[in-house]
Amino acid sequence: MSEVIVNKVAESGLISLDLENYYPRQEIVVFDMKDHLFMGLILKEKDFREAMKQYDWAQFKDKYLAVTCSADAIIPVWAYMLIAAAAGAYAKDIFLGTAAEFHKELFLRNLRAIDATEFADKRVVVKGCGETPIGEFAYLEITRLLRPVAKTIMYGEPCSTVPVFKKPV
């Protein structure tokens, strides 16, 4: 009396998509403009230009650079351009904002690089509950990207899913 155990999940044709595979792992370093302002508040053009010339930009070689100003200061647009011109020779990429905002941007870039046609007319389960904290924005973005092509989109694990979208017949 041996019953054959059938793996219904394997036979279901579900494609499991783990967003952790697209989670950015690159180091992001921060350049705070506040450190180069007079009294931490005022940008003096001559002093700022000199500070940017003297700054050791090589420390950002092959790194992702988030440029921010933690002080409540008025920064002229050309100051950001000076930083980009100087750091651009070293940094892998430059972003205006906090490290967390840059991380989110990198994550979105990774998701947008997915070839959605690979999921055309497929039943996709976007994996939930992993080791890495994935922001809600990533789940929204992957749904936005897959909705035009996927047959169905679900959230969870293949053995226990929450239906999100089903293409009309």
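Because the structure is a prediction, the values reported are computed rather than measured.

Asker: What is the right way to look at the packing of helix 2 (residues 45–54) against helix 3 (residues 77–87) in this model?
Answerer: Running from N to C, helix 2 and helix 3 point in directions that differ by 15°, and their axes come no closer than 10 Å. What the angle tells us is that helix 2 and helix 3 run roughly parallel. With respect to the hand of their crossing, helix 2 and helix 3 are arranged in right-handed fashion. Here E45, F48, R49 and M52 of helix 2 lie close against helix 3, whose contacting residues are W78, A79, L82 and I83. In terms of residue class, the contact of helix 2 with helix 3 is built from six nonpolar, no polar and two charged.

Asker: Could you clarify how one ought to interpret the packing of aromatic side chains in this entry?
Answerer: Aromatic ring pairs are described here by two measures, namely the spacing of the ring centres and the angle between the planes. For the coordinates displayed, the defined rule picks out eleven aromatic pairs. When the centroid spacing of 5.0 Å and the interplanar angle of 40° are considered together, the rings of F31 and W57 count as tilted. Here W57 lies in the loop between helix 2 and strand 3 (64–68) and F31 lies in strand 2 (residues 28–32), a separation of 26 residues in the sequence. Of the two residues examined, F31 and W57, each falls in the buried class. Taking relative accessible area as the criterion, W57 reaches 4% and is therefore assigned buried.

Asker: Please clarify how the pattern of salt bridges should be interpreted in this entry.
Answerer: Pairing between side chains of opposite charge can happen when the charged atoms of each approach one another. Applying the stated criterion across every chain, the model contains eight salt bridges. Measuring nitrogen to oxygen at the nearest pair gives 3.9 Å for the salt bridge that ties K34 to D35. You can call D35 exposed: its relative accessible area is 54%. For R109, the salt bridge identified is with E105, shortest N-O distance 3.3 Å. Taken as a pair, R109 and E105 lie in helix 4 (residues 99–112) at a separation of four residues, close to a single helical turn. Using a relative accessible area of 34% as the deciding quantity, one classes R109 as partly exposed. Of the residues examined, E105 reaches a relative accessible area of 24% and is grouped as partly exposed. Shared partners join several salt bridges into a network, and the residues in it are D93, E105 and R109.

Asker: Hey, could you run me through unusual backbone geometry in this one?
Answerer: Negative phi is the rule for most residues except glycine; trans is the rule for most peptide bonds. The phi dihedral of D62 is positive, around 60°, even though this residue is not glycine. Given the relative accessible area of 54%, D62 is considered exposed. Not every positive phi belongs to a glycine, and C129 is a case in point at roughly 55°. Along the chain, the position of C129 falls in the loop between strand 5 (123–127) and helix 5 (136–146). Its relative accessible area of 71% is what places C129 among the exposed residues.

Analysis parameters
Residues numbered from 1 in each chain as written. Predicted model: local features only at pLDDT ≥ 70, side-chain atom pairs only at ≥ 80, totals over all residues. Heavy atoms only, no water. Axes fitted to C-alpha atoms, helices over the stretch in contact; angles between N-to-C directions. Helix = DSSP H or I, 4+ residues; strand = E, 2+ residues; numbered from the N terminus. Parallel < 35°, antiparallel > 145°, perpendicular 65-115°, else oblique. Left-handed = near helix turned anticlockwise from the far one by under 90°. Contact = heavy atoms within 4.5 Å. Nonpolar A, V, L, I, M, F, W, Y, C, P; charged D, E, K, R; others polar. Phe/Tyr/Trp six-rings, centres within 6.5 Å; stacked < 30°, edge-to-face > 60°. Buried < 20%, exposed > 50% of the residue type's maximum accessible area, 1.4 Å probe, protein only. Salt bridge = Lys/Arg side-chain N within 4 Å of Asp/Glu carboxyl O.

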